[in-house]
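Overview (structure and organization)
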Amino acid sequence: MPPEPSSAGVWIQILGPLSLRVEGADVSVPGSRRRALLAALARARGRVVGIDRLVDTLWPDDPPANAAQALHSHVSRIRGQLGPAGGRLSHRGAGYVLELGDDELDAAVVRRVAAELPELPPETVLERAPEALALWRGSALEEFRGLPELYVEAVALDQVKLRIHDALLRAMIDVGDDRAVAEARSALAADPLHETGVLLLMRALAGEGRAAEAMTVGTTYRRRLVDETGLDPGPELARLEQDIATGTIGAGARRRAWPARSVVARPSGPLVGRQQDYDEMLRLHAKHRLVTVTGPGGVGKTRLALEAAAALAERDQIEAVVVDLAAVEDAARVLQAVASTIGLRVVAAPSPSAVDIAVALADAHLLLVLDNAEHVADICREFVDAVDRHAPGVRVLVTSRLTLHARSEYVLRLQPLPTPRVVGDLADLVRQPSVRAFLEHARRHDHHYELTAADAEPLVEVLKHLDGLPLAIELVARQVAVLPLAAIRDRLGRALDLLSSPDGDEGRQRTLRMTIRWSYDRLSPAQQALLRAVCAFPGGVDLGTVEELAAEVGARRDPVQLLVGLVDASLLDVDRSRSRYRLLFTVRSFLLDEVTTLGELSETEERFLAWAVRAADEIGAGLFSADEALADRRLRAELDNLRAARDLARARRQFDTLVQITLALDQGSIWRDLREVWSWCLELTQGDEFAGHPREVEILGAAADAARQAGDFDRAVELAQRGLTVAGLDGAGTARCWSAMAGVAHYRGDFAAASAHWERSAGHAGPVSAGFLASAALAAAYGGNRGRAANLLDAVGALEPLSPGNDAFRTYVMGELAAPDDPSTALRHHLASVEEANSVGATFVAGVAGVALASVRARTGDRGTAAAAYRDLLDHWRTTGHGPQLWTTARNAAALLMAEGHTRVAALLLLRADASPDAAAVDADIARYSGRNYVAWTDVVGDDAAASLRAEATRLSTRDVIDLARDTLHDIATR
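Residues numbered from 1 in each chain as written. Predicted model: local features only at pLDDT ≥ 70, side-chain atom pairs only at ≥ 80, totals over all residues. Heavy atoms only, no water.

1. Some remarks on the overall build of the protein chain
Defined as follows: Every helix listed is a DSSP run of H or I at least four residues long, and every strand listed is a run of E at least two residues long, numbered separately from the N terminus. Contacts are assigned to residue pairs that have any heavy atoms within 4.5 Å of one another. Residue burial considers only the protein chains on display, and all accessible areas are found by Shrake-Rupley using a 1.4 Å probe. Residues scored as positive are Lys and Arg, those scored as negative are Asp and Glu, and His as well as the terminal groups of each chain are ignored. We put the charge of a Lys on NZ, of an Arg on CZ, of an Asp on CG and of a Glu on CD.
Each helix and strand in the protein chain was counted, giving 48 helices and 14 strands. Relative to all contacts within the protein chain whose residues are 6 or more apart in sequence, the contacts with residues 24 or more apart total 69%. In the form shown here, the protein chain has an accessible surface area of approximately 41,000 Å², with 50% of it arising from carbon and sulfur atoms. Of the side-chain charges in the protein chain, 109 are positive and 134 negative, and the distance between the mean point of each set is 2 Å.

Take a look at the structure:
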């Protein structure tokens, strides 16, 4: 059976990482949701999967409001990725279907083989079963096991693999294969309660004349099953025991040819959440003679290494020797420890060299585990390099917080366990790896412990704070015997002391503080100083910030070399997707204690605040420059740090710093739908510190603009007028006050006043005046003064070069100016505006241009595309909290719904819009030139239905009405 049937135009693999090939070429499928959707459709193989079920599959916990549209978008992209086979993915009825042949999905192939094997002779099974098992490239659907729908399929495929492997073992036993016992033992170790595996191992042992061992296997299984589940084994076990005892099985059995080998004892308890790492380690050891498992202290390196070493020893029938280096404090004793543990007698004893031991192992075939090697990394590197040269039959597995940098080393960096993002359903929660690990350890100390709904939220918070670190989870799980989870959560400020193990707990670090202290103390002074500086940044740092901090703390070494050392020591975690470096919570807690103990806390916080002021100024200026896209990405990446800096400035009563950070970011955030950021100025006005501040007028103006954006028009006017009163009508800093007044006038339909106010804003705005002038042009156009609007747009053009966001807004206004007479030109301008705005993160501009674009499309007959756009825009405005834009979009969508015959839904939308205080004003005159549609709801329905519709609109919530509208728009878009 070839790994990819040559006849298949499409080949989808889910027995491992999702893979797609079309006509022999690999096709990348990016994005976890899209990959999950392809897997869900592929597993159905020709059966229609309902939209609701697909939404539940992709968003099991909290589906977004636009889930159906997001699903449709992913389907469209998958169809494109299928290329010439795109027609196989189609919308059918209330769902989607992907047509696949019997040989185009690896899961279908192995299921067919599993069904056929019981009827085949052993010799054929020995050929077919390994071919089927070779199709597994890892755990089936491993990347989707957090999604319940696909988790069920993954479990089912695990059972298929088990059946195939059982059939293979049965065939090996039947033909007398010498490897049967080793294979059966390895399989049973992976699933100790698999009764078929027990029976097969007993048969294999009996077949080699080892009846006593076989009976012991049965007795051990029977006892374990009762202890762990309270169940009794099936009757097959009793019958097999009787057959072995009476000699019916095992007579004349051959004894295996190899001598017994030592086997590494597997650690007790299941290997929770590490199946992918475990599979990867076994795969790596098939290709590389030296693998180093590295990661922060407490991440579970030893646990995983011992599990893998035991499996490798059994699988390959080689001896495995574990050398625990944790107790070897003197590097000079490392080689002696290795020699004595293996049992070597070398000529150079008692002081053998690395080469001496390697030469003595020249003819050996073994797996050598060097555990906890970080403190003796240099001598271990020398030793494994010598083994690489002189002992070709020896493979080495190292666990270390530091990489050895040996010649043939392959590094597997172990990450903490994934933690739940939200509480969600309790049944879903207990399937999360970090939760499963917590429960496993908690039940070792309280056998009756069960996770309750009341404990779910505290547990999620605890796991997030512990960053999914297995040792931390194990240690905190011990506390549940004496403390409720809520109490543990409330004590997380003392996390490093709370997470302690009892004195004398062999083989475990006494506390996480000691574990981190060990790694920290082995850093150079420059690395320690840099790490202490980084601890002030809860959101992590980028390379530029690392370089700044290194210079400020007086580090003379290359900052990149310092950074590499800190990552190598597993004290900094790397987010390669964003090129950022962050501290685990436990490490950061240790470092904050350290800077406090050293008397550096005030200095560290001041350095952080100074950075935040610089960063905010740079980002704010960048948002109105040609580098707007870069500044937007930086703003979003640094938001956690900037938020923390504002909180710190407030706590330290440094109001000037708080104001400086806030105002630097405020105006640029208005077009970014970052409501948190543009509402920060509203927070400033809730206290009395800003009264009389040198930047009081700017604060009031920015707060007024934020209130206007949120649809609180009266509050916006009140704040703006206070600012104008303080500064005078044309005083310094009044640009935002006039802008807020203009925005309110614009929403209320007074376009002449809006245009005049925005022109006045531009006169006080300096380098950011382009947006105000373009807004003045928009208001003039909506008021019917198209000549004035054109002149104002020319003035905006004279300010070039514009930032991309300002240019996108000007292009949008040009489209609005053209819309009444030249829809094709308007369409072109709006498309260009949406594309440019999205490219720099100016999502508000993209949104308003998107509404105008949808309106033009609806007027020109492209109602399906317009309906899809309106549906997405309703979701967007609802999510970002822009009430005025939500209701403008809703009114325009109502016109489309009415044209399509959905008068009830249109009327409900209009009734809601009329009743909403944050809706922009509209009547026939206002709608004449503006992008707002005007339809009276009473014109939509007759008098006989008016009363019932008014009652229904009162009964339904805003969310209900919007959901009804978006569902109807979806039907129009997909019909």
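After that view of the structure, there is still more to cover.
2. Side note on the pairing of strand β10 (residues 394–400)
Just so we agree on the cut-off: Buried means the residue's accessible area, taken with a 1.4 Å probe over protein chains only, is under 20% of the maximum for its type, while exposed means over 50%, and partly exposed covers the values in between. Paired strands are those between which DSSP finds at least two bridges. Classification remark: right-handed applies to a crossover when, strands pointing away from the viewer, the course from the first strand over the helix to the second runs clockwise.
Counting buried positions over the seven residues of β10 gives seven, a clear majority of the element. Neither face of β10 is exposed, since Val394, Val396, Val398 and Ser400 on one face and Arg395, Leu397 and Thr399 on the opposite face are all buried. Of the strand pairs in this sheet, strand β7 (residues 290–294) and β10 are connected by five bridges, and their pairing is parallel. Bridge pairing links valine 291 to leucine 397 in β10. For the crossover from strand β9 (residues 366–371) across helix α15 (residues 377–390) to β10, the handedness is right-handed.

3. Some thoughts on the side chain of serine 669
Under the convention used in this document: For the purposes of these results, a polar contact is taken to be a pair of N or O atoms within 3.5 Å, where, inside protein, one atom must be able to donate a hydrogen and its partner to accept one; residues adjacent in sequence count only when each atom of the pair is a side-chain atom.
Relative to the assigned elements, serine 669 resides in helix α30 (residues 655–670). In terms of polar contacts, serine 669 uses its side chain to reach the backbone carbonyl oxygen of aspartate 666, at 2.6 Å. Apart from residues lying up to four places away in sequence, serine 669 is in contact with Leu623, Leu674, Val677 and Trp678.

4. Considerations on the sheet that holds strand β13 (residues 573–575)
Strand order in this open sheet of three strands is β12-β14-β13, and the pairing throughout is antiparallel. At either margin of the open sheet sits one strand with a lone partner, and together these are β12 (541–542) and β13. Judged from the three bridges that link them, β13 and strand β14 (residues 580–582) form a sheet pairing that is antiparallel. Considered in β14, the bridge of aspartate 575 is made with arginine 580.

5. Describing the nonpolar core
We count it as follows: Remark: nonpolar core denotes a set of buried residues (Ala, Val, Leu, Ile, Met, Phe, Trp, Tyr, Cys) joined through side-chain atoms within 4.5 Å.
Counting 211 residues, the largest nonpolar core has Leu397, Phe438, Leu531, Leu572, Leu642, Leu665 and Tyr812 as the members making the most contacts within it. Sorting elements by how many residues they give to this core places helix α37 (residues 769–782) first, with 11 residues. Setting aside residues no more than four positions away along its own chain, phenylalanine 438 makes contact with Tyr449, Leu459, Ile473, Val476, Ala477, Val480 and Leu485. Of all hydrophobic cores here, the second largest spans 81 residues; its members include Val75, Ala108, Leu147 and Leu157.

6. Observations concerning the pairing of strand β6 (residues 95–98)
Both faces of β6 are covered, namely the face carrying Gly95 and Val97 and the face carrying Tyr96 and Leu98. Hairpin geometry of strand β5 (residues 89–92) and β6 is characterised by an intervening segment of two residues between the two adjacent antiparallel strands and by a positive phi of about 60 degrees at glycine 93.

7. Some points on empty space enclosed by the protein
Over the atoms, a rolling probe the size of a water molecule traces out where space has been left empty. Heads up, the rule is: Only protein atoms enter the 1 Å grid used here. Points where a 1.4 Å probe fits but cannot escape make up a cavity, open sets with protein on both sides within 12 Å along at least five of seven lines make up a pocket, and a residue lines them when an atom lies within 4 Å of a point. Grid points are joined across faces, edges and corners, and a volume is the space filled by probe spheres set on the points. Throughout this entry, Asp, Glu, Lys and Arg are counted as charged residues, while Ala, Val, Leu, Ile, Met, Phe, Trp, Tyr, Cys and Pro are counted as nonpolar. The remaining residues, Gly among them, count as polar.
Counting across every chain of the model gives six cavities of 30 Å³ or more. There is about 580 Å³ of room inside the largest cavity. Taken together, 39 residues form the lining of the largest cavity, with Trp671, Arg708, Ser775, Phe809 and Phe844 sitting closest to its centre. Breaking the lining of the largest cavity down by element, the ones donating at least two residues are α30, α33 (696–710), α35 (735–747), α37, α39 (804–818), α41 (843–859) and α43 (883–899). If you add up the space inside the second largest cavity, you get close to 140 Å³. Lining the second largest cavity are 16 residues, with Pro296, Arg413, Gln415, Leu572 and Asp573 positioned closest to its centre. For the lining of the second largest cavity, the per-class residue count stands at nine nonpolar, three polar and four charged.

8. Remarks on unusual backbone geometry
A positive phi is found at leucine 141, a non-glycine position, where the angle reads about 55 degrees. With respect to the helices and strands, the residue leucine 141 is situated in the loop between α5 (122–133) and α6 (148–175).

9. Focus: the pattern of salt bridges
Condition: Each salt bridge in this description consists of a side-chain nitrogen of Lys or Arg and a carboxyl oxygen of Asp or Glu lying within 4 Å of one another.
For the structure shown, the criterion picks out 53 salt bridges. Two residues, glutamate 374 and arginine 401, come together in a salt bridge whose shortest N-O distance is 3.8 Å. Here glutamate 374 is found in the loop between β9 and α15, whereas its partner arginine 401 is found in the loop between β10 and β11 (409–413), with 27 residues between them in sequence. Accessibility classification places glutamate 374 together with arginine 401 in one group, the buried group. The partner of arginine 736 in a salt bridge is aspartate 666, with the nearest N and O atoms 2.7 Å apart. Of the two residues, arginine 736 sits in helix α35 while aspartate 666 sits in helix α30, which places them 70 residues apart along the sequence. Here the two residues arginine 736 and aspartate 666 agree in accessibility, since each one is buried.

10. Some thoughts on the sheet that holds strand β1 (residues 10–13)
Just so we agree on the cut-off: Axis definition: a line fit to C-alpha positions, over the contact stretch in the case of helices; interaxial angles, taken between N-to-C directions, run 0 to 180 degrees.
Read across the sheet, three strands follow the order β1-β2-β3 without closing on themselves; strand pairing throughout is antiparallel. Each having just a single partner strand, β1 and β3 (25–27) make up the two edges of the open sheet. Here the average twist between neighbouring strands, direction ignored, is 25 degrees. Bridging between β1 and strand β2 (residues 19–22) involves four bridges; their strand directions are antiparallel. When the sheet's bridge partners are listed, glutamine 13 is paired in β2 with serine 19.

11. Overview of the packing of aromatic side chains
Rules: In this scheme Phe, Tyr and Trp rings, the latter by its six-membered ring, pair at centre separations within 6.5 Å, and the angle between planes marks the pair as stacked below 30 degrees, edge-to-face above 60, and tilted otherwise.
Scanning the model with the defined rule gives nine aromatic pairs in all. When the centroid spacing of 4.8 Å and the interplanar angle of 75 degrees are considered together, the rings of phenylalanine 537 and phenylalanine 608 count as edge-to-face. One end of the pair, phenylalanine 537, is in the loop between α23 (525–534) and β12; the other, phenylalanine 608, is in helix α27 (residues 601–622), with 71 residues separating them in the sequence. In terms of burial, phenylalanine 537 and phenylalanine 608 fall into one category: buried.

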